[in-house]
Structures are given as structure tokens and as C-alpha cells.
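Next come the chains, spelled out residue by residue.
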Amino acid sequence: MWKKPYGRTGKNVSAIGFGGMRFPKPEEIDASAALVLHAHRRGINYFDTAPGYCNDKSEDIMAAAFKSMPRDSFYVSTKTFASKTDEMRAAIEKSLTRLGVDRIDFYHMWCLNKEGDYQNRRDEGAIKAMIKAKEEGLIAHVVASSHLSGGLLKEVLAEGVFEGVLLGYCVVNFPYRQEAVDAAGAMGLGVAAMNPLGGGLLAQHAKTFDFVRGPADRTVVEAGLRFVVSDPSISTALVGFSSIEQIDEAVAAVENFRPYDAAHMERLRSGILDKFDGFCTGCGYCVPCPNGVPIPQFMDTHNVMKLQNDPDQSVPRLRWHWVVDPEAAANCNDCGACEDQCTQHLRIRDRLKEVLAASREWEKKRQK
């Protein structure tokens, strides 16, 4: 497995990391741990988890696998929302116990999503507690997880507290985060990319995204992963694995792979900017809606509407694939809560109206 440096930490992490949030049957601890062990055998050494993932089973699954893995053969990453000093300390100790390790390699201040989030947690003592835990050897590296825009995240990283960052980055949404990725690289920070396949968007619409595939890329999934890991500032691309086949496919994508050159990357970025900027990547921070609108399903349908450019292929998706009544969008009262939480700052209310209007028009035509 190709290893890349995680910033200036001195650690070399696998170009493909294991994202522990998509185990298909998390209640089956041993079966889920078998996926982690298979990934480890295939050369993956970066394992990302968090309290709450997979019905709060992810850390337990990782612990079950770690028992059979030499401690010096892997890095563990986990996270916390804690903001106060005592809460932070308690969260660290709880994760250490659950994971069955005496050190967390990469400990994230989780979900810095709004301007001021970092400053508030810093002022309440979270950073102080993380640094103290690092001094005691309980944490190896203090890092952050964020959905801030590139510019805002760049400002947070410039504070000089964090040694790395976890952020969403893929061929679909890279314009939103490129500034932060470039800044992190210039600062010598590690960068872990979550949702490198756009939350499954590339795999689900491989035909439409085929233009990202170069002559040496066998699949769109392979091309998408290679796009991410070819960026010199990206340390690892975290894939939410749910099967052995997915692990093998991702590992194959980077085996004996030489990163795309600058010219190829520029061609890809230009093509994407022309066609696909502004796609929802399905992070889910827009829910719950106060009025019960299933926003992610509507946003997925909007993505497909843009991709397919064929109402007969895209509009029925909401009702037939998601089993959602398009009229549910009419329950939106324009409160804007979803847009306040949107990590990509999309105009969600406008998209709800677009999908509803397209659905009504399609129904009229179908009834004629």
C-alpha cells in the first residue's frame, strides 16, 4: 500500500484509510471487525472512527479488530464534540477505554461547522485539555474535523493549534475546500479527506462521471480516488467500507499508481467546474427539518436532475427510489434552518421548490 506523510508528524499513513461509519450490520461486532482486519491485511493502516458512528458501535468494532493487530502497525483516529475542559478529558478517557488502546494517534475536535465554533470551544477549555492529554501521552496529535468553507477553515488552521484536519474533498465538491487543502499543505499539516467518492455519487452515476476517467483508470471509482490522493496535500482518502469487495477495489486503485501530473489534474478540475460544481454530497447536516421534510432525498433527486437532464429518468426517483411524496416539499416554511446547517452553503429551499415543480409538471404530462 502506498504511504503518504501526514504533514510534519513523522507518520506515514496509507493513501486509502478506513472510514468506520458504514458497517452494514454494526450489531454484529465480530463480522464487522473482520472487514477492519481484511483492510489491515491489504495494507491500510489508518482507521477512523467516532462515538456515535453506526449506532454507537463503531469504536467497539474497531476495538475488536485492534486486539489482533500489532499496535505499531496501525493508527487510530477518533473524535469528540466536547468543548469544556472536564468534558474533553472524560471523552478522551472513554474512547481510550472503548478502543482498548493506551494512545489515540489522531484526536479530532469534531465538526467545526460554523464560524466561531473553534473559538468557542477553545475559550471553554477544550484545546487546553487536548494539549494536556498530548503531554501525558494519551493523544499523539491534536487535529480537527471541519465542514467550514475553505477560507474560514484556513483561518482556523492558521491559529497553529492543529497538526492536521479532516474535511470533505472529492471531484464533486473540491472547489469549496481547495483553499483549505492548499493552505494545510503549505502549513505542513496532514489532511484526511472524507467522502472522497462524493458520498457514493460517483459510483451511483458512473456513466455521467465517466469524463473524470483517464486512459489508465479502469473505473470512475478508481479515478475518483486517484484524483483525491494525487493532490500532494492530501495524506489519506477515507472510504466508508461496507464490504471486502469495496476494500479490494479501493486498494487496487492506488497499487502501483503514480499520481496524476499537474496537467491532468487541471484538466479534470476545469471539466468539473464547467459541469458539476454545487452538487449536494449528502452529508446530512441539513436534517432534521422542523417540518419533517426529508431534505437529503430531495437533494439527491436534484443532483440526478442535473446529471440526467431527462425528467423521465430523474424526477420519478424521489417517489420510486426513495418512496417520498414530492408534495412533502410543500411543507417547507422557508425557515432556513437547513441552509444554516448546510456545509456547502447550498440554496436548499430553492432546490426543494425546483424538485417539487418538476415533479408536478412530470405528473401532468404522465396523466395526459
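Residues numbered from 1 in each chain as written. Predicted model: local features only at pLDDT ≥ 70, side-chain atom pairs only at ≥ 80, totals over all residues. Heavy atoms only, no water.

A. Looking closely at the sheet that holds strand β4 (residues 46-48). Strands sit in the order β3-β4-β5-β6-β7-β8-β9-β10 around a closed barrel of 8 strands; the barrel is parallel. Neighbour-to-neighbour, the strand axes of this sheet turn through a mean angle of 25°, independent of strand direction. Summarising the sheet, strand β5 (residues 75-80) and strand β6 (residues 104-112) pair through 4 bridges and their orientation is parallel. If you follow Thr78 over to β6, its bridge partner there is Tyr107. Strands in contact with helix α6 (residues 126-135) are β6 and β7 (139-146); relative to β7, the strand with the most contacts, it is inclined by about 150°. (Pairing = 2+ DSSP bridges. Helix = DSSP H or I, 4+ residues; strand = E, 2+ residues; numbered from the N terminus. Axes fitted to C-alpha atoms, helices over the stretch in contact; angles between N-to-C directions. Contact = heavy atoms within 4.5 Å.)

B. Layout of the packing of helix α7 (residues 150-157) against helix α8 (residues 174-187). Their axes nearest at 7 Å, the elements α7 and α8 cross at an angle of 25°. By the criterion of interaxial angle, the relationship of α7 to α8 is roughly parallel. The handedness of the crossing between α7 and α8 is right-handed. Here Gly150, Gly151, Leu153, Lys154 and Leu157 of α7 come into contact with α8, specifically with Tyr176, Arg177, Glu179, Ala180, Ala183, Ala184 and Met187. Tallied by class, residues from the contact of α7 with α8 come to 7 nonpolar, 2 polar and 3 charged. (Parallel < 35°, antiparallel > 145°, perpendicular 65-115°, else oblique. Left-handed = near helix turned anticlockwise from the far one by under 90°. Nonpolar A, V, L, I, M, F, W, Y, C, P; charged D, E, K, R; others polar.)

C. Region of interest: the packing of helix α3 (residues 58-66) against helix α4 (residues 85-99). For the pair α3 and α4, the least separation of the axes is 8 Å and the interaxial angle reads 45°. Overall, the two elements α3 and α4 adopt an arrangement that is oblique. Contacts between α3 and α4 involve Glu59, Asp60, Met62, Ala63 and Phe66 from the former and Ser95, Arg98 and Leu99 from the latter.

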